[in-house]
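Given next are the chains, with one letter for each unit.
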Amino acid sequence: MVPELRRRFNSSFRREAYEAFVTDLNDSLDRTLRFRVNESPLFLSSELASLLVRASQDVLGQLRSAERRGLLAGAVPPRLAVPGEAGHPWFLHIDFAVTRTPGGAWLPQLIELQGFPSLYGFQYYLNRKIREHFSLPEGLSAYFSGIDGRDYLQRLKRIIVAGQDPDTVVLLERYPSEQVTRADFVCMQQLVGIPTVCVSDLRVRNGRFHYPAGGREIPIHRIYNRIIFDLENRDECAICFRNDVEVTWVGHPNWFFEFSKYALPFLKGPFCPPCHVLAELKEYPPDLDRYVLKPLFAFSGAGVVVGPTREQLDAVRDPRHFILQRRVEYAPVLETPLGSSRVEIRMMFLWEDEPLLVNNLVRTSRGALMGVSRNQEEAWVGATLAYHPMG
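Conventions and cut-offs
Residues numbered from 1 in each chain as written. Predicted model: local features only at pLDDT ≥ 70, side-chain atom pairs only at ≥ 80, totals over all residues. Heavy atoms only, no water. Helix = DSSP H or I, 4+ residues; strand = E, 2+ residues; numbered from the N terminus. Contact = heavy atoms within 4.5 Å. Pairing = 2+ DSSP bridges. Axes fitted to C-alpha atoms, helices over the stretch in contact; angles between N-to-C directions. Phe/Tyr/Trp six-rings, centres within 6.5 Å; stacked < 30°, edge-to-face > 60°. Lys NZ or Arg CZ within 6 Å of the ring centre and 35° of its normal. Buried < 20%, exposed > 50% of the residue type's maximum accessible area, 1.4 Å probe, protein only. Polar contact = N/O pair within 3.5 Å; in protein donor to acceptor, adjacent residues only side chain to side chain. Parallel < 35°, antiparallel > 145°, perpendicular 65-115°, else oblique. Nonpolar A, V, L, I, M, F, W, Y, C, P; charged D, E, K, R; others polar. Expected span 1.5 Å × (residues − 1).

**Q** Give me the environment of Pro83: which residues, what numbers.
**A** If you trace the backbone, Pro83 turns up in the loop between helix 3 (46-69) and strand 2 (91-100). With 162 residues separating them in the primary sequence, Pro83 and Val245 have C-alpha atoms 9.2 Å apart. The contacts of Pro83, once residues within four sequence positions are left out, are Cys240, Phe241, Arg242, Asn243, Trp249 and His252.

**Q** How would you sum up the sheet that holds strand 8 (residues 208-213)? Please name residues and give values.
**A** Taken in spatial order, the three strands line up as 7-8-9 in an open sheet, and their pairing is antiparallel. With partners counted over all chains shown, the strands left at the sheet margins are strand 7 (203-205) and strand 9 (216-219), one partner each. The average undirected angle you get between the axes of adjacent strands in this sheet is 50 degrees. Summarising the sheet, strand 8 and strand 9 pair through four bridges and their orientation is antiparallel.

**Q** Which residues make up the packing of aromatic side chains, and what values do they have?
**A** Enumeration according to the criterion identifies 18 aromatic pairs in this entry. Each residue in the set Phe9, Phe13, Tyr18, Phe21, Phe43, Phe134 and Trp380 is aromatic and connected to the rest through ring pairs, giving one cluster. Cation over ring: Arg100 sits above Trp106, and NZ or CZ is 3.6 Å from the ring centre. The ring of Tyr330 carries the charged tip of Arg342 above its face, separated from the ring centre by 4.5 Å.

**Q** Residues and numbers for the side chain of Gln325, please.
**A** By the secondary structure assignment, Gln325 is in strand 15 (residues 322-326). The class of Gln325 is buried, set by a relative accessible area of 4%. At 3.4 Å, the side chain of Gln325 forms a polar contact with the backbone oxygen of Leu110. If sequence neighbours within four positions are ignored, Gln325 has contacts with Leu110, Ile111, Leu264, Pro274, Cys275, Arg290, Tyr291, Val292 and Lys294.

**Q** Residues and numbers for the pairing of strand 20 (residues 386-389), please.
**A** Regular strands place side chains that alternate from one sheet face to the opposite one. Two strands pair when backbone bridges link them, and strand 1 (residues 42-43) and strand 20 are joined in this way by two bridges, in the parallel orientation. Each residue of the ladder has a partner; that of Leu42, found in strand 20, is Ala386.

**Q** I'd love a proper account of the sheet that holds strand 1, names of residues and values included.
**A** A sheet is described by the order of its strands in space; here three strands give the open sequence 1-20-4, paired in mixed fashion. Lying at the two open borders of the sheet, with one neighbouring strand each, are strand 1 and strand 4 (140-141). Of the pairings in the sheet, the one linking strand 4 to strand 20 comprises two bridges and is antiparallel in character. Paired with Leu140 across the bridge in strand 20 is Pro389.

**Q** I'd like a rundown of the packing of helix 4 (residues 120-133) against helix 6 (residues 182-191), residues and numbers included.
**A** Close contact between helix 4 and helix 6 brings their axes to 7 Å; oriented N to C, the two are set at 80 degrees. Judged by the inter-axis angle, helix 4 sits roughly perpendicular to helix 6. Of the residues in helix 6, those in contact with Tyr120, Gly121, Phe122, Tyr124, Tyr125 and Arg128 of helix 4 are Ala183, Asp184, Cys187, Met188, Gln190 and Leu191. Within the contact of helix 4 with helix 6, the residues separate by chemical class into eight nonpolar, two polar and two charged.

**Q** Tell me about helix 4, residues and numbers included.
**A** With 14 residues, helix 4 ought to run about 20 Å at 1.5 Å a step, and its terminal C-alpha atoms sit 21 Å apart, in line with that. In terms of residue burial, helix 4 counts as a mostly covered element, since 10 of its 14 residues are buried.

**Q** So what about the pairing of strand 17 (residues 339-351)? Which residues, and what values?
**A** The buried count for strand 17 comes to 11 of 13 residues, which makes it a mostly enclosed element. The pairing of strand 16 (residues 334-336) with strand 17 spans three bridges and is classified as antiparallel. Paired with Leu334 across the two strands is Ser341, which belongs to strand 17. Relative to strand 18 (residues 355-365), strand 17 is paired through 10 bridges, and the arrangement is antiparallel. Paired with Arg346 across the strands is Leu361, a residue of strand 18. Between strand 17 and the antiparallel strand that follows it, strand 18, lie three residues.

See the structure below:
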């Protein structure tokens, strides 16, 4: 992206320095790191950074318009609707593939979006550790909207804790010690001060959730929710669907569905590849090898079929719950000693009174799939973040 910065970083790279960086990062997070961190961050040019911001605002504007028109009214499966929905998501991510036009210009292409928390704590730590272990030029930032790390952390605390005793605010997950994102839970406990609680430990007392700690039950006022509800875990998470409990969800589980793959068919424009609800197609596109089949209510790449056949589409049991999205051609972006990697950038918003673009997350791959859990063996791929010129 910025050839001089890339050449400088690659030429100064030392394997032992990278290993020390990853070891320090993992040690600082109680050795919970379960996905691969790339050897290098990404260096965005001002041009591409501005284009990503513009693409993010374009998609966000359409989402808010679609919300007003009621196009997303059917997004939440009735059996997975949680009471007490807020008026907007507190967290929003928009994922773009970095591509080029036939003329060679950069063109972000929408891949996914999510009204649900991501690695907000881990990306803060990752930025700190990269700067501690590698020499980066001055004038670069991983943050957007004119904020810095201190402001970012203050906003995160304000949204999640909101002045409550941190012991009464919990990060809620299913089997948290088994999650690939466990490192982020440790980050949130260190940065924001909230404990991680398994949904199986929730109890209801006097109309409020409680959790056990130190031989007593502590009331819960706010839940920083990291559970993605689906029909398979609905029964074990049934306590969360009660309507007789007073609690504030941060953010509310329903927004995982409302700002999600469900919204992709409604989004148009140069940054949004064509996308269709499978059940609404009168005929299949002739070039199915250039499409991706995705289940609406799954995540982390589960159930995705690249280049589906007509027979695979015909065999889908409930086509109302699948989308067919035009596949994009990722550009070779990140130059490494092992060849160029493809890049997907998650633009991360915090939404108080208005949504604010604050941070980013980058996934890189030389294979067909981008998820960090799928890129464990190769070097110079995995999770990282992008820096761009400030100002």
